[in-house]
Amino acid sequence: MTEEDCLETLKPQQQWSGVRERWHDGGLSQLADTFDGQIAQLADSYSAEQIGAILHWLEALGEEDPVCTLAVVDSLNRLLSIVGAEGFGRWILTGLRMYPGEQVRQRAYFRLEDPRAVEALHGEAGAGDLAASLPSLALLLTGLAEVELQLLPRHQTALNGLPLRPILTAGHLFLPDDYTALDGQDRYPIYRAAVAHAVAHLLYSTPNQPSNTLKPMSVAVVSAIEDARVERLLIRDYPGVRAWFLPILRRGVKPQGLEFSALIGRMNLALMDPHYQDDNYWVNKARRLFEEQAADLHNYAEFRQLASILANDLGQMRVPFRAQQYVVPEAYRDDNSFLWNFEDVDPSPPEPLDLQVQAPEQQQGQASVDASPSVVPATEIELGRYSYPEWDRRSSLMRTDWCTVIEKRPTLPGMRPLPVRDKAASATPALVPLPHARRVSRARRLRRQWEGDDIDLNAAIEVMIDKRMDLTPDLRLFMRAGSEDQQSSVLVLLDLSESTNDCVGARMESILDIEKKAALLLAQSVVQSNDRIAVHGFSSNTRAEVNYYPLLEFGAALDANAISMIRSVPGRYSTRMGAALRHATARLAHERTDHRAILIIGDGAPSDVDVHEPQYLIEDARAAVHEGRRSGVQVFCAALDPQAEPYVRNIFGWNNYRIVDDPHRLPAHLSALYGRLAVP
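Treat the numbers as computed from the prediction; the structure is a model and nothing was measured. (Residues numbered from 1 in each chain as written. Predicted model: local features only at pLDDT ≥ 70, side-chain atom pairs only at ≥ 80, totals over all residues. Heavy atoms only, no water.)

Asker: Help me understand empty space enclosed by the protein in this model?
Answerer: The method is simple in principle: a probe with the dimensions of a water molecule rolls over the atoms, and the space it marks as empty is what remains. Evaluation of the coordinates by the stated rule reveals three cavities of 30 Å³ or more. Here the second largest cavity defines a volume of roughly 50 Å³. Taken together, 13 residues form the lining of the second largest cavity, with Met 577, Gly 602, Gly 604, Cys 637 and Ala 639 sitting closest to its centre. The set of elements that each furnish at least two residues to the lining of the second largest cavity consists of strand S16 (595–602), strand S17 (633–639) and helix H21 (645–652). If you tally residues by element for the lining of the second largest cavity, the top one is S16, at three residues. A breakdown of the residues in the lining of the second largest cavity according to their chemical character gives nine nonpolar, two polar and two charged. (1 Å grid on protein atoms, 1.4 Å probe; cavity = no way out; pocket = protein on both sides within 12 Å on 5 of 7 lines; lining within 4 Å. Points joined across faces, edges and corners; volume = space filled by probe spheres on them. Helix = DSSP H or I, 4+ residues; strand = E, 2+ residues; numbered from the N terminus. Nonpolar A, V, L, I, M, F, W, Y, C, P; charged D, E, K, R; others polar.)

Asker: Teacher, can you tell me more about the pattern of salt bridges here?
Answerer: Across all of its chains, the model carries 28 salt bridges by this definition. Residue Glu 292 pairs with Arg 288 through a salt bridge whose shortest N-O separation is 3.6 Å. Taken as a pair, Glu 292 and Arg 288 lie in helix H13 (residues 281–293) at a separation of four residues, close to a single helical turn. Of the residues examined, Glu 292 reaches a relative accessible area of 55% and is grouped as exposed. (Salt bridge = Lys/Arg side-chain N within 4 Å of Asp/Glu carboxyl O. Buried < 20%, exposed > 50% of the residue type's maximum accessible area, 1.4 Å probe, protein only.)

Asker: What is the right way to look at a nonpolar patch on the surface in this model?
Answerer: On the surface, Ile 461, Ile 465, Met 469 and Leu 471 cluster together into a nonpolar patch covering about 390 Å² of accessible area. With respect to the helices, strands and loops of the structure, Ile 465 is situated in helix H16 (residues 457–468). Overall, the relative accessible area of 42% leaves Ile 465 in the partly exposed class. (Patch = residues over 30% accessible without salt bridge, like charges linked within 9 Å, V, L, I, M, F, W, Y side chains within 5 Å. Areas by Shrake-Rupley, 256 points an atom, 1.4 Å probe, with all protein chains shown as cover.)

Asker: When you look at the sheet that holds strand S3 (residues 172–176) in this model, what are you seeing that I'm missing?
Answerer: Strand order in the open sheet formed by three strands is S1-S3-S2, and the pairing between neighbours is mixed. At either margin of the open sheet sits one strand with a lone partner, and together these are strand S1 (150–154) and strand S2 (167–168). Of the pairings in the sheet, the one linking S2 to S3 comprises two bridges and is antiparallel in character. By the bridge assignment, Ile 167 is partnered in S3 with Phe 174. Packed onto the sheet, helix H8 (residues 130–145) meets S1 and S3 and runs at close to 150° relative to S1. Its contacts with the sheet place helix H9 (residues 188–204) against S2 and S3, and it is angled at close to 150° to S3. (Pairing = 2+ DSSP bridges. Contact = heavy atoms within 4.5 Å. Axes fitted to C-alpha atoms, helices over the stretch in contact; angles between N-to-C directions.)

Asker: Looking at this model, I keep getting lost on the packing of aromatic side chains. Mind explaining?
Answerer: Each aromatic ring pair is summarised here by two numbers: the centre-to-centre distance and the angle between the ring planes. Here the structure, examined in full by the defined rule, presents nine aromatic pairs. An angle of 85° between the planes, with centres 5.5 Å apart, marks the rings of Trp 91 and Phe 110 as edge-to-face. Of this pair, Trp 91 sits in helix H5 (residues 76–98) while Phe 110 sits in helix H6 (residues 103–110), and the two are 19 residues apart along the sequence. Summarising the aromatic geometry, the rings of Tyr 179 and Tyr 191 are spaced 5.6 Å apart at their centres and angled 50° between planes, so their arrangement reads as tilted. Of this pair, Tyr 179 sits in the loop between S3 and H9 while Tyr 191 sits in helix H9, placing them 12 residues apart in sequence. Members of the aromatic cluster, each reached through a chain of ring pairs, are Trp 91, Tyr 109 and Phe 110. (Phe/Tyr/Trp six-rings, centres within 6.5 Å; stacked < 30°, edge-to-face > 60°.)

Asker: Looking at this structure, how should I read the environment of Ala 145?
Answerer: Checked against the element boundaries, Ala 145 lands in helix H8. For the pair formed by Ala 145 and Ala 196, sequence separation is 51 residues and the distance between their alpha carbons is 8.9 Å.

Asker: I keep staring at the packing of helix H3 (residues 48–64) against H5 and nothing clicks. Help me out?
Answerer: Helices that pack against each other are described as a pair by the angle of their axes relative to one another and the distance between those axes. Interaxial distance between H3 and H5 falls to 11 Å at its minimum, and their mutual angle equals 30°. Of the possible angle classes, the one that applies to H3 and H5 is roughly parallel. By crossing handedness, the relation of H3 to H5 is classed as left-handed. On H5, the residues touching Gln 50, Ile 54, Trp 57, Leu 58, Leu 61 and Glu 64 of H3 are Leu 80, Ala 85, Phe 88, Gly 89, Ile 92, Leu 93 and Leu 96. Residue classes in the contact of H3 with H5 are distributed as 10 nonpolar, two polar and one charged. (Parallel < 35°, antiparallel > 145°, perpendicular 65-115°, else oblique. Left-handed = near helix turned anticlockwise from the far one by under 90°.)

Given below as structure tokens:
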């Protein structure tokens, strides 16, 4: 035996000694003792590198679940005789990805008690190694693109890491070696499709485009549309490659999935397979927009615009997106780093875009006005639930008990303290100047007077009735001209949807904060008059959860608690306006003043994630406005959307709304609207 042979023999023993020591230290002595007798046999059949890989996967699996590792060690010879050293790691990955977080099923898999474990084992046995495929893939690359591109393997080392995807650079294509039986029994078609997809990017994509201010979710959607665009161009030049893509696209699709990755996968298949049928509105919209532009596949700008529309729709649908947990759904498509240049982007990792976060905890000390306006109070108190109908314009019927309005109140511990500059402002409040008509009494005909110019016929009839019933009549039979103070009740209804967190103007103040400030200024002015005012807010998360916040009640003092209540309420979810208007109207029914009115302040058209027809909730809101007017409640709107004219006119009618082009002038607009809605 030469010296080199001796060293090769020692390497596995040294590797095993280290693993053995760690298993003993970790309380896995039984596992270490079981493997002691097998290491010598492995040294006879495998190289030191292969034994190192086997030990690596065993040790990694042992950290996950030692019971699984013990089961694998017991049947190690059988496993290796079928899949070899390279397929052994992929078989372990298959088991973990097949049953994530399911310990019982994972243990059955590694004990070979699960039929899918045996199926995966035979799948790995038939899989060709990446190294053996590289020469033919290189020829394929040259034939398709006529470019020199070095093909290199990309190794998966993390047991619980996300599945790898190819990486394309100007001179290299890195192909993963962690494709498992879940991706396909035969790896070569995946490698072949990956090469073809890379060729499509090389021929038709513009690399290193600046991402600028695109959010991670928008980057993912734009990349998916670009993938489909370049593949369609490649299919136009090489029709046979369609058959390389479709089986993999079909294998990865989740027909009922609604999470971001599933929707992207459904869209990807819909854009490539004309026979694929999907019942999702967003997927079909993507297909329709894409096909409308498909006659000019080289027009990248139009497809980029198309992708922006789809990304915005996903945001409106509040589909969660977590950049750190997202991989391109299709195994053969690259990670799209070839397309983007992120150098000008903030190097800090992007925040996960979870639009369904319920109540992120507010960190101690975050008391400045710059805190995120979407901060949700730590807890909320539910005050009651109410059922309301909704107008269905498609069937022209009122659906009874269709929406659930949940009255809530933010609790004081979760409230955002007054910002420093707002504390100063509150010391010298800048009141909204109410119209002159609200500060004087109005001339009118006073009824039931002891003396006057005319007979009050209603009073005279009541006197005759009382006499016939032998009752004592009220003898005030006259009426005359005079003046009398009248009282109004105005409910300011704030739109608290997610979109109100958008910032506007040079001061980057959110629409929500502007709404709150304007409502507070109006309330401070009205409480000093004879009128009554309330400030409520609403948002919605499907018809089952229309959140309604009574922030300042009629007759309540506008003290520090009330101000904090208004300032603390978050902006989130959507805008189901009809249900909120019906509940506000019901609240106003208890007011016994001369005039009752609702003033709604919003920044967009009614919408919700469970409604995909734009006119549906607009028509329902219009019906709710009409219902309110029939019950004696006037409804007006201050819209902070410059494009709101068509839908606010439809909902509120002529002269019952005002478009606020400059949000910072909202208090002045509220003053003018208040003068109209509170005056008889």
